[in-house]
Protein chains: 2
Amino acid sequence: MNIEFINGGVTAPKGFLASGVHCGIRKNKTKKDLALIFCETECDVAAVYTQNLVYGAPITVTRNNIADGKARAVICNSGIANTCNADGVEKAEMMCELAAKELNIKPTDFVVASTGVIGQPIDIEPIKKGMPQLVKELSADGSDSAAQAIMTTDTVKKEFAVEFTLGGKKCKIGAISKGSGMIHPNMATMLGFITTDANISSNMLKKALLEAVKDSFNMLSVDGDTSTNDTVAVLASGLCENERIESENEDYFIFLSALNSICEKLVKLMAKDGEGATKLVECQVSGAKTVEIAKTCAKAVICSSLVKAAMFGADANWGRILCALGYSGADIDVNKVDVSFKSKGGEIAVCKNGAGIEFSEEIAKYVLVEDEIFIIVSLNDGEATATAYGCDLTYDYVKINGDYRT
Amino acid sequence: MNIEFINGGVTAPKGFLASGVHCGIRKNKTKKDLALIFCETECDVAAVYTQNLVYGAPITVTRNNIADGKARAVICNSGIANTCNADGVEKAEMMCELAAKELNIKPTDFVVASTGVIGQPIDIEPIKKGMPQLVKELSADGSDSAAQAIMTTDTVKKEFAVEFTLGGKKCKIGAISKGSGMIHPNMATMLGFITTDANISSNMLKKALLEAVKDSFNMLSVDGDTSTNDTVAVLASGLCENERIESENEDYFIFLSALNSICEKLVKLMAKDGEGATKLVECQVSGAKTVEIAKTCAKAVICSSLVKAAMFGADANWGRILCALGYSGADIDVNKVDVSFKSKGGEIAVCKNGAGIEFSEEIAKYVLVEDEIFIIVSLNDGEATATAYGCDLTYDYVKINGDYRT
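A brief report on the enclosed structure follows. (Residues numbered from 1 in each chain as written. Chains lettered and ligands numbered in written order. Predicted model: local features only at pLDDT ≥ 70, side-chain atom pairs only at ≥ 80, totals over all residues.)

Description of the interface of chain A and chain B
- Contacts between the two partners involve 52 residues from chain A and, on the opposite side, 52 residues from chain B.
- For the side of chain A that touches chain B, the elements supplying multiple residues, two or more each, are α8 (305–312), α9 (319–327), β13 (355–356) and α11 (395–402) of chain A.
- Counting residues per element, the side of chain A that touches chain B draws most heavily on α9(A), at eight residues.
- Residues that form the side of chain A that touches chain B fall into these classes: 25 nonpolar, 21 polar and six charged. (Contact = placed C-beta atoms within 7 Å. Helix = DSSP H or I, 4+ residues; strand = E, 2+ residues; numbered from the N terminus. Nonpolar A, V, L, I, M, F, W, Y, C, P; charged D, E, K, R; others polar.)

Have a look at this one:
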């Protein structure tokens, strides 16, 4: 199985065009705020959403629109979340109608999404005004613009594409995503839009997506806050002409591997670009009795404010890792736990059988000043493993969120 | 029922002496690091401890020591937690033995506690050397010194006392506590030492303590990290000569009210002095179907990094409150939720029936710049209420925890 990362994003797979413009939802004219992804043909579609009881109106509309497993386009704005507004559903439907009219397709052909401030009404006028330009700019090079238009506090664009082979046919998956704060996904996360030219039924697409998010988006946390607007949608044009995937056959697992690869890349980039973050922190747990236990442990470590602050300070304060494992609720034997830190700078063991061991603070510092840190936890209690993705906690996280709305 | 706050702390009740010295566990010679509370007579005792699977060796020793419901003294150091060390229990027992010898009582008469860095071995030498001075300084004015000696990143001393009447007899409860970071109590929290001259059996004392921590210590969070060393212990000398409390009679409930009052004061002061905090944030939830739902909601709001950062910035970003309620897991109807902010500066409603309402940002700012903020959440779904205590998230939290050990 050969999965190769290539240039490009959502327009890499056959049949997809994209665009992004500044329409005026945001005051800053240099920041694009409206994105469109369009497929020349009807697609199979699947999506997963936030489990937050408070969820954005666009999610209600998208659920209805793709109930038949079919879609052709994604319309998304940034700046306003369209959540906790009395007229939210109406406005989300309007977004679909305006785009549908311009593209001459049906309003129900759309995945619709919004991201930004919760509870402020969304103004439909700029979207109406900007729509002709947005459609006019649709192009095979438009993934970059779309990726930029969905960004909020993100500092880097998230865009990837992979190429692989299904039954002799070259296939591609492309993706863009956004997410930096209010990130602690549960089932799905943030905004992620994935396209593919693989031919795969919406049922199998849903199955693959659920599988892929389990170990990627759902193992990511920036700040423990599960967003109201999390959506990951995948559209499959079928234009690469592989034999249609309708069961868990060999091609399904190749497709799933490719999807996993791209989701993992997105998630690592999102963790590293977490609000205010200076580094990616990955917690790799092994030796757990069950995968569930491994996941619970890995997430507890990644979510601990104290661990995150220590990582910011390049401080090998491993006691905080033990502390987080201890309150995680996972069934572990704390007297068997080993901990070490790893990075490009090297690897250093700091805890053995639940107790501290002597180590060089100097070497630990050398390991921890790097910008990608692995916290290696061995539970020595079984065979299961899991990895969670997070970032450090910095002054800038506080700065960004101390006054986000102004 | 008349419960009056008076001056003093753990030495306010009859029979108790206290002291605090710098013995050398900490390098900074101006910071006391060893505390002693001593009672001239045998006390009934009760304690609650952290639920973290990783817990300090002193907890193991204290559990054994007070299994008979009796104790006479508290010995506590700050600087090192004596947790995750191979010889922790041995060292904690040594602390008791050294103090017992000097006081001519039994080693098992002690509640022993430690607070500070996890995983570094504790050096018994300074404790041995400092013990004679610690005992020599025991006095009825020593509560202040003891309160200072148990502080770690705390910036203010936590010390309170109340006076009330049991069957015509004047009784007192006094307390000191420490706690600033790694605070998200579960069953008990941080270190809190409470003394009383009420005559009450250890069984009823335990009952009252469990009841009191439920709505105070267990409703507090600074950073979501449940500490490994949380202990709250209460010692009752019986010297006020009230009729011994052995059942849930009228006197029990008076005692419980007094205990509740003092715990609430400690918790508010701990929240306000949370690491880096500039303000106390209280979330008052009403109209819940059950108390459990009200508590879950109140704690979710208090624990949200995004809500905390918004409070730091005096930003009325109420969408983050709805978001936290939505992911709390509590069974609520999000379309019935009302939210307002209150402080000495006034009160302002920002959300009605789960949707934003127009409000003056200027007035909201005026309300939120105060240093004690109430987030008022009405679920309009029942009669139950709960309050949780927390603080804002600031640059200084990151600074303090970015390199705590150096």
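What about the relation of the copies chain A and chain B?
- When chain A is fitted onto chain B, the two copies agree to an RMSD of 0.0 Å after a turn of 180° and an axial shift of 0.0 Å. Look at the turn and shift together and you get a two-fold axis relating the two. In terms of C-alpha distance to the rotation axis, chain A has Tyr395(A) as its closest residue, with the C-alpha 2.5 Å off the axis.
- The residues that chain A uses at the interface reappear at the interface of chain B in 100% of cases, marking a shared surface. (Least-squares fit on C-alpha atoms with pLDDT ≥ 70 in both.)

Section: the packing of helix α1 (residues 57–65) of chain B against helix α2 (residues 88–103) of chain B
All names here are of chain B.
- At a closest axis distance of 8 Å, the pairing of α1 and α2 adopts a crossing angle of 55°. Taken together, the axes of α1 and α2 lie oblique to each other. The two elements α1 and α2 cross, and the hand of that crossing is right-handed. For the pair α1 and α2, the contacting residues are Ala-57, Pro-58, Thr-60 and Val-61 in the first and Gly-88, Val-89, Lys-91, Ala-92, Glu-93 and Cys-96 in the second. (Axes fitted to C-alpha atoms, helices over the stretch in contact; angles between N-to-C directions. Parallel < 35°, antiparallel > 145°, perpendicular 65-115°, else oblique. Left-handed = near helix turned anticlockwise from the far one by under 90°.)

Details of unusual backbone geometry
- A positive phi angle, close to 50°, is found at Asn353(A), a residue other than glycine.
- For Asn353(A), the position within the fold is in the loop between β12 (346–352) and β13.
- Looking at Asn353(A), the number of C-beta atoms within 10 Å reads 14, which means it is partly exposed.
- The backbone phi angle of Glu241(B) is positive, close to 65°, even though this residue is not glycine.
- Structurally, the position occupied by Glu241(B) is in the loop between β9 (231–236) and α6 (250–272). (Buried ≥ 20, exposed ≤ 12 C-beta atoms within 10 Å, placed from the backbone.)

Details of the nonpolar core
- Grouped together as the largest cluster of nonpolar side chains are 300 residues, with contacts concentrated most on Leu36(A), Cys297(A), Val301(A), Leu36(B), Cys297(B) and Val301(B).
- Cys297(A) has contacts with Val285(A), Ala288(A), Leu325(A), Ser328(A), Ala330(A), Ile332(A), Val377(A) and Leu379(A), leaving out every residue within four places of it along the chain. (Core = buried A, V, L, I, M, F, W, Y, C linked by C-beta atoms within 7 Å.)

Regarding α2(B)
Residues and elements named next belong to chain B.
- For α2, built from 16 residues, the straight-helix expectation of 22 Å at 1.5 Å per residue is met to within 8% by its first-to-last C-alpha distance of 23 Å.
- Taken together, the buried positions of α2 are Gly-88, Lys-91, Ala-92, Glu-93, Met-95, Cys-96, Leu-98 and Ala-99.
- Where α2 is buried, its residues meet β3 (34–49), α1, β4 (70–80), β5 (110–117) and α3 (124–136).
- Positioned one or two residues after α2, Asn-104 has a phi angle of 60°, which is positive. (Expected span 1.5 Å × (residues − 1).)

Quick word on the sheet that holds strand β10 (residues 280–288) of chain A
Residues and elements named next belong to chain A.
- Taken together, six strands build an open sheet; the order of strands is β13-β12-β11-β14-β10-β15 and the sheet is mixed. Single-partner strands in this sheet number two, and they are β13 and β15 (384–391).
- As paired elements, strand β11 (residues 338–343) and strand β14 (residues 372–378) share five bridges and run antiparallel to each other. Note on β14: the bridge partner recorded for Ser-340 is Ile-376. (Pairing = 2+ DSSP bridges.)

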